[in-house]
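# Examination of the molecular architecture
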Amino acid sequence: NAGVTQTPKFRILKIGQSMTLQCTQDMNHNYMYWYRQDPGMGLKLIYYSVGAGITDKGEVPNGYNVSRSTTEDFPLRLELAAPSQTSVYFCASSYSGVSSTDTQYFGPGTRLTVL
Amino acid sequence: AQSVSQHNHHVILSEAASLELGCNYSYGGTVNLFWYVQYPGQHLQLLLKYFSGDPLVKGIKGFEAEFIKSTFSFNLRKPSVQWSDTAEYFCAVNRGTYKYIFGTGTRLKVLA
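Quick caveat: nothing in here was measured; it's all calculated off a predicted structure.

Criteria and thresholds
Residues numbered from 1 in each chain as written. Chains lettered and ligands numbered in written order. Predicted model: local features only at pLDDT ≥ 70, side-chain atom pairs only at ≥ 80, totals over all residues. Heavy atoms only, no water. Disulfide = S-S within 2.5 Å. Helix = DSSP H or I, 4+ residues; strand = E, 2+ residues; numbered from the N terminus. Buried < 20%, exposed > 50% of the residue type's maximum accessible area, 1.4 Å probe, protein only. Salt bridge = Lys/Arg side-chain N within 4 Å of Asp/Glu carboxyl O. Contact = heavy atoms within 4.5 Å. Buried area = accessible area lost by both parts, 1.4 Å probe. Polar contact = N/O pair within 3.5 Å; in protein donor to acceptor, adjacent residues only side chain to side chain. 1 Å grid on protein atoms, 1.4 Å probe; cavity = no way out; pocket = protein on both sides within 12 Å on 5 of 7 lines; lining within 4 Å. Points joined across faces, edges and corners; volume = space filled by probe spheres on them. Nonpolar A, V, L, I, M, F, W, Y, C, P; charged D, E, K, R; others polar. Pairing = 2+ DSSP bridges. pLDDT = per-residue confidence, 0-100.

### Points about the state of the cysteines
Under the counting rule described, the total for this entry stands at two disulfides over all chains. Two residues, cysteine 23 of chain A and cysteine 91 of chain A, share a disulfide whose sulfurs are 1.8 Å apart. On the S-S bond that ties cysteine 23 of chain A to cysteine 91 of chain A, the torsion sits near -70°, and the link is left-handed. Taken together, the residues span a long stretch of sequence, with cysteine 23 of chain A in strand β3 (residues 19–25) and cysteine 91 of chain A in strand β9 (residues 87–94) at a distance of 68 residues. Residue classification places cysteine 23 of chain A among the buried positions, given a relative accessible area of 0%. Residue pairing for cysteine 23 of chain B: its cysteine sulfur links by disulfide to cysteine 91 of chain B, the two sulfurs lying 1.9 Å apart. Taking the sign of the S-S torsion, -65° for the link of cysteine 23 of chain B and cysteine 91 of chain B, the bridge is left-handed.

Quick look at the structure:
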């Protein structure tokens, strides 16, 4: 299993540009998450999904959109990039999210800079 | 507001020193507690987790953590650190749902 994969690893955007961060997992997990990690701020949940076709906002959803058309994929879309979106973005997945045996698995991250 | 606090932002230790990283959360009721580690250039990996039972939890690479309900704490410990433990450590909490709340992280540097 590849686990959780993310592309691209790095990206530089100009203000106002748009892009999609890709996330794929091959563990047949129902739950998927997008976090951003800012220095000294820990991880903040952007959006999450509990299954194909179902998504919901996390703590910091403004400026982002997501979709979940398949169990495997959970892309994150930035429509109008702003400098405040400069961050490292992590995708994660888990089987159920609530079981005592459940664990979140993280992807390697995408480092995004908006200039 | 509900939160997870990690009081030590940066810790520098020599090899073989003992480690204790603090984590406090502000939720009442039942919680699930986690410690994740992020080695330089790598993604987050689970070190250990507590859901119920014995409050002393053992994880990978010789790490352990103790859940103390009365002080809302879940401190991470290791008796003797190695240079390879240099990493950022994150405490996280969930309340039996799929929403995890992460602390701000502690950067550990171990000097050889």
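Next comes the rest of the description.
### A closer look at the pattern of salt bridges
Going through the model one piece at a time under the given rule, you end up with seven salt bridges over all chains. Where glutamate 79 of chain A meets arginine 77 of chain A, a salt bridge forms, and the shortest distance between an N and an O atom there is 3.2 Å. With a relative accessible area of 28%, arginine 77 of chain A lands in the partly exposed category. Between glutamate 88 of chain B and arginine 107 of chain B there is a salt bridge, with its nearest N and O atoms 3.8 Å apart. A residue pair is termed long-range when its members are at least 10 positions apart, and glutamate 88 of chain B in strand β10 (residues 87–94) and arginine 107 of chain B in strand β12 (residues 106–111) qualify at 19 residues. Taken together, the shared-partner salt bridges in this structure form one network comprising Lys58, Glu64, Glu66 and Arg77 of chain B.

### Notes on the interface of chain B and chain A
Chain B puts 20 residues into the contact, and the matching count from chain A is 24 residues. For the chain B and chain A pair, buried surface summed over both sides reaches about 1800 Å², with 59% attributable to carbon and sulfur atoms. Connecting chain B to chain A are zero salt bridges. Counting across the interface, chain B meets chain A through three residue pairs in polar contact (both at pLDDT 80 or more). Where the side of chain B that touches chain A is concerned, the elements lending two or more residues are β5 (32–38), β6 (45–50), β10 and β11 (100–102) of chain B.

### Looking at the layout of surface pockets
Considering only enclosed or pocket space, the largest pocket measures out at about 810 Å³ in volume. As for the largest pocket, its lining consists of 37 residues, and the residues nearest its centre are Gln37 and Arg111 of chain A together with Gln38, Glu88 and Arg107 of chain B. A breakdown of the residues in the lining of the largest pocket according to their chemical character gives 13 nonpolar, 18 polar and six charged.

### Here we look at the pairing of β9 of chain A
Residue and element names in this part refer to chain A. For β9, the tally of buried residues reaches eight of eight residues, placing the bulk of the element in the interior. The two faces of β9 match: Ser87, Tyr89, Cys91 and Ser93 on one face and Val88, Phe90, Ala92 and Ser94 on the other face are all buried. Sheet analysis places strand β4 (residues 31–38) next to β9, joined by seven bridges and oriented antiparallel. Note that in β9 the partner of tryptophan 34 across the bridge is cysteine 91. Bridging between β9 and strand β11 (residues 110–114) involves three bridges; their strand directions are antiparallel. Paired with valine 88 across the two strands is arginine 111, which belongs to β11. Judged from the two bridges that link them, β9 and strand β10 (residues 105–106) form a sheet pairing that is antiparallel. Its bridge partner being in β10, serine 93 is matched across the sheet by tyrosine 105.

### With respect to the confidence of the model for chain B
Residue-level pLDDT values for chain B average 91, and 96% of them are 70 or greater. Mean pLDDT values over the elements of chain B span from 87, in β11 of chain B, up to 97, in strand β3 (residues 19–21) of chain B.

### Quick notes on the pairing of β5 of chain B
All names here are of chain B. Burial analysis of β5 places seven of its seven residues in the buried class, which makes it a mostly covered element. Because side chains alternate across β5, one face comprises the buried residues Asn32, Phe34, Tyr36 and Gln38, and the other comprises Leu33, Trp35 and Val37, equally buried. Pairing of β5 with β10 involves seven bridges; the strand directions are antiparallel. Counted as the bridge partner of leucine 33 is valine 93 from β10. Examined bridge by bridge, β5 and β6 share five bridges and lie antiparallel to one another. Bridge assignment links valine 37 to a residue of β6, and that residue is glutamine 45.

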